[in-house]
Amino acid sequence: DTGVSQNPRHKITKRGQNVTFRCDPISEHNRLYWYRQTLGQGPEFLTYFQNEAQLEKSRLLSDRFSAERPKGSFSTLEIQRTEQGDSAMYLCASGEGHEQYFGPGTRLTVT
Amino acid sequence: AQSVTQPDIHITVSEGASLELRCNYSYGATPYLFWYVQSPGQGLQLLLKYFSGDTLVQGIKGFEAEFKRSQSSFNLRKPSVHWSDAAEYFCAVGGDNRDDKIIFGKGTRLHILP
């Protein structure tokens, strides 16, 4: 297993468009996390899955954001009607025990 | 609520010099503490972690960190830095529930002088 993968690595979109990101976790991990990182900040928690169940959502996750993990394997994060403030790096992590292993991230630029 | 403070936004050291990056946390119970490193274009890599036991923990790449409960600190150290250590370093805290999210500090960017 090669670790957590995320696609695409970069996404440029126009304001108002919808975007979807994919995360493939380490295969034996049943916990999956999404974080957002803006310039000059540390990653901020967005949401968390245990298998296919979404167990926690941050207040940062507005109703334009939706995340799924339909079969408890890969996960998608969709942002509808993107705004310039959504420009950030979106990080996915999968977990075992107390450790989380991060993917390379998807950098979103909203123009 | 959990929080992490990294008081230094930027640190510059000469190659071969020693390094200490500061981290203070706020958490009501015994915290789970982490240091991650992020190089340009790379994902976050776990350097080391503290859960319990020996308060001096060893990590990868020659890094170590010391947990001091009385000071609510978890400072990262390296005796001799290499140019390849230039990166952003994040201190983070997690709760005692293994499902807990990790709360990150804002990071310290390390610059290395040749």
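Structure: above.
Caption draft 1: Layout of the nonpolar core. Ranked by size, the top nonpolar core spans 26 residues in total, and within it Leu19(B), Trp35(B), Leu47(B), Leu48(B), Phe74(B), Leu76(B) and Tyr89(B) carry the most contacts. Secondary-structure elements contributing two or more residues to this core are β2 (10–14), β3 (19–21), β5 (32–38), β6 (44–50), β8 (64–68), β9 (73–78), β10 (87–94) and β12 (108–113) of chain B. Broken down by element, the residue count for this core peaks at four residues, all from β10(B). Not counting chain neighbours up to four residues away, the residues in contact with Leu47(B) comprise Trp35(B), Tyr36(B), Val37(B), Gly59(B), Ile60(B), Lys61(B), Phe63(B), Leu76(B) and Tyr89(B). By size, the runner-up hydrophobic cluster in this structure holds 19 residues, among which are Leu32(A), Trp34(A), Leu77(A) and Tyr90(A).

Caption draft 2: Fine view of the interface of chain A and chain B. Taken residue by residue, the interface counts 21 residues in chain A and 22 residues in chain B. Carbon and sulfur atoms make up 52% of the surface buried where chain A meets chain B, a total of about 1800 Å² over both sides. Among the residues of chain A in contact with chain B, His98(A), Glu99(A) and Phe102(A) are the three that bury the most area, contributing 34% of the side total. Our count for the contact surface shared by chain A and chain B stands at two salt bridges. Applying the counting rule to chain A against chain B returns five residue pairs in polar contact (both at pLDDT 80 or more).

Rules used throughout
- Residues numbered from 1 in each chain as written.
- Chains lettered and ligands numbered in written order.
- Predicted model: local features only at pLDDT ≥ 70, side-chain atom pairs only at ≥ 80, totals over all residues.
- Heavy atoms only, no water.
- Core = buried A, V, L, I, M, F, W, Y, C linked by side-chain atoms within 4.5 Å.
- Buried < 20%, exposed > 50% of the residue type's maximum accessible area, 1.4 Å probe, protein only.
- Helix = DSSP H or I, 4+ residues; strand = E, 2+ residues; numbered from the N terminus.
- Contact = heavy atoms within 4.5 Å.
- Buried area = accessible area lost by both parts, 1.4 Å probe.
- Salt bridge = Lys/Arg side-chain N within 4 Å of Asp/Glu carboxyl O.
- Polar contact = N/O pair within 3.5 Å; in protein donor to acceptor, adjacent residues only side chain to side chain.

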